[in-house]
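An overview of the molecular structure
What follows is each chain in one-letter form.
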Amino acid sequence: MARLSFRQVEAFRAVMIAGTTTGAADILYVSQPAISRLLADFEESVGVSLFERHKKRLVPTPEAMILFEEVEKSFVGIEKLSRTAEELRHFHRGTLRIVCMPALAQDFMPKVVHRFMQKYPGIQVTLQVRSSQQVADWIATQHFDIGISAIKVSDPAIEVETLADSELLCILPPNHRLVDKAVIVPEDLEGEMFVSLGTEQSVRYKVDEVFERAGVKRQLMFDTQVSHVACAFVLDGGGVSLVDPATAINYAQRGLVVKPFAPAVPFNFAVIFPATRSKSRMATAFTTELRQQLATLAAQSDGLFRYGSR
């Protein structure tokens with residue numbers, strides 16, 4: 001048997017559906033002679049008679065019906081593949097796995113994910129919350145597609161993109177004695193109850209170094225691993241602290257007093273990806289949405305949060 005071509009099979013299927021070569025030509029957007037030629041080649045290739053000619057119609061033989069049944073099975077698979085490709089192209093299908101540091105996970109990231117899912121219905125999203133170090137570890141081992149972290153990463157298995165080069169902000173309870181001061185400096189916090197972030201976070205040591213250099217003593221009676229807990233504690237009047245800008249700005253809407261702090265204590269947000277595989281179109285689209293929402297947050301912060309990289 002001569003080798004069949006996909007075009008011959010396609011012409012045969014169109015004739016079976018339309019009943020005439022003219023109708024098949026309309027389906028495939030080709031000329032009627034082209035259909036007749038493809039059909040003749042197809043019959044020659046399979047070696048059996050497939051149609052009986054009755055006036056202008058083609059009546060399929062039993063052999064043609066058997067072949068058509070097999071052809072339809074193949075075309076169902078091809079059409080399903082085409083639909084899947086279309087869904088992927090327009091982000092109507094797929095899964096995105098995100099792992100995020102706690103500072104952005106409680107309020108900011110759920111909003112970003114929700115907006116993304118509204119834009120692309122059908123996408124399934126997983127959002128896990130882990131420490132910045134665990135975020136890096138899970139991205140390096142390809143357990144997740146996107147990570148949001150606040151630590152410097154130097155790992156060939158990880159691709160890093162800066163989201164924001166920012167600084168810690170000072171948070172005060174309402175009616176604190178410093179609420180009218182434009183910028184808080186270490187000396188302002190002498191003797192204050194100070195809420196520290198946990199010792200396993202590198203930012204803790206940066207903050208401690210600033211106060212040690214200034215010779216300022218604080219009351220270090222409470223520490224926590226999560227900036228949201230620090231903000232809630234300060235809002236309740238339990239002390240003061242330095243936290244990341246995203247969390248501070250969110251709590252400012254609840255009445256927390258937020259002030260710039262000098263000297264600046266850097267706090268950088270980064271989005272990271274597995275370096276050993278290319279980013280999916282979905283991951284790229286989500287990163288764009290993430291940047292847009294960070295820019296919106298910065299615009300609403302009255303200059304407290306400088307979005308972008310320096």
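Computed from a predicted structure; not experimentally measured.

Following the criterion strictly, the structure yields nine aromatic pairs and no others. With centroids separated by 5.2 Å and ring planes inclined at 85 degrees, the aromatic side chains of phenylalanine 116 and phenylalanine 286 adopt a geometry described as edge-to-face. Of the two residues, phenylalanine 116 sits in helix 6 (residues 108-119) while phenylalanine 286 sits in helix 11 (residues 281-299), which places them 170 residues apart along the sequence. Phenylalanine 286 sits in the buried class, given a relative accessible area of 1%. Three or more aromatic residues link up through ring pairs in this structure, and these residues are Phe12, Phe42 and Phe51. The aromatic ring of phenylalanine 194 is capped on one face by arginine 218, whose charged end is 4.6 Å from the ring centroid. One residue, arginine 254, lies across the ring of tyrosine 251, its end atom 4.2 Å from the ring centre.

Further remarks concern the pattern of salt bridges. Any two side chains of opposite charge can pair if their charged atoms end up close together. Applying the stated criterion to the full structure yields 13 salt bridges. Between aspartate 188 and lysine 181 there is a salt bridge, and its shortest N-O distance comes to 3.0 Å. Residue aspartate 188 is classed as buried on the basis of its relative accessible area, which comes to 14%. For lysine 181, a relative accessible area of 31% gives the class partly exposed. Shared partners join several salt bridges into a network, and the residues in it are Glu159, Glu161, Lys279 and Arg291.

Turning to the sheet that holds strand 11 (residues 257-259), a few remarks are in order. On the basis of which strands lie adjacent, the open sheet formed by five strands has the order 9-8-10-7-11 and mixed pairing. Each having just a single partner strand, strand 9 (219-224) and strand 11 make up the two edges of the open sheet. Strand after strand, the sheet turns through a mean of 30 degrees between neighbouring axes, direction not considered. Sheet strands in contact with helix 10 (residues 245-252) are strand 7 (169-172), strand 10 (240-243) and strand 11, and its direction is about 30 degrees off that of strand 7.

Each pair of packed helices can be described by the angle between their axes along with the distance between the axes. Following both chains from N to C, one finds helix 1 (residues 6-18) and helix 3 (residues 32-46) inclined at 110 degrees, their axes separated by 8 Å at the closest point. Looking at the two axes, helix 1 sits roughly perpendicular to helix 3. Within the contact between the two elements, helix 1 uses Arg7, Gln8, Val9, Ala11, Phe12 and Val15 and helix 3 uses Ile35, Leu38, Leu39, Asp41, Phe42 and Ser45. Considered class by class, the residues forming the contact of helix 1 with helix 3 number eight nonpolar, two polar and two charged.

Rules behind the numbers
Residues numbered from 1 in each chain as written. Predicted model: local features only at pLDDT ≥ 70, side-chain atom pairs only at ≥ 80, totals over all residues. Heavy atoms only, no water. Phe/Tyr/Trp six-rings, centres within 6.5 Å; stacked < 30°, edge-to-face > 60°. Helix = DSSP H or I, 4+ residues; strand = E, 2+ residues; numbered from the N terminus. Buried < 20%, exposed > 50% of the residue type's maximum accessible area, 1.4 Å probe, protein only. Lys NZ or Arg CZ within 6 Å of the ring centre and 35° of its normal. Salt bridge = Lys/Arg side-chain N within 4 Å of Asp/Glu carboxyl O. Pairing = 2+ DSSP bridges. Axes fitted to C-alpha atoms, helices over the stretch in contact; angles between N-to-C directions. Contact = heavy atoms within 4.5 Å. Parallel < 35°, antiparallel > 145°, perpendicular 65-115°, else oblique. Nonpolar A, V, L, I, M, F, W, Y, C, P; charged D, E, K, R; others polar.

Purely geometric stuff here, so don't read any function into it on its own.
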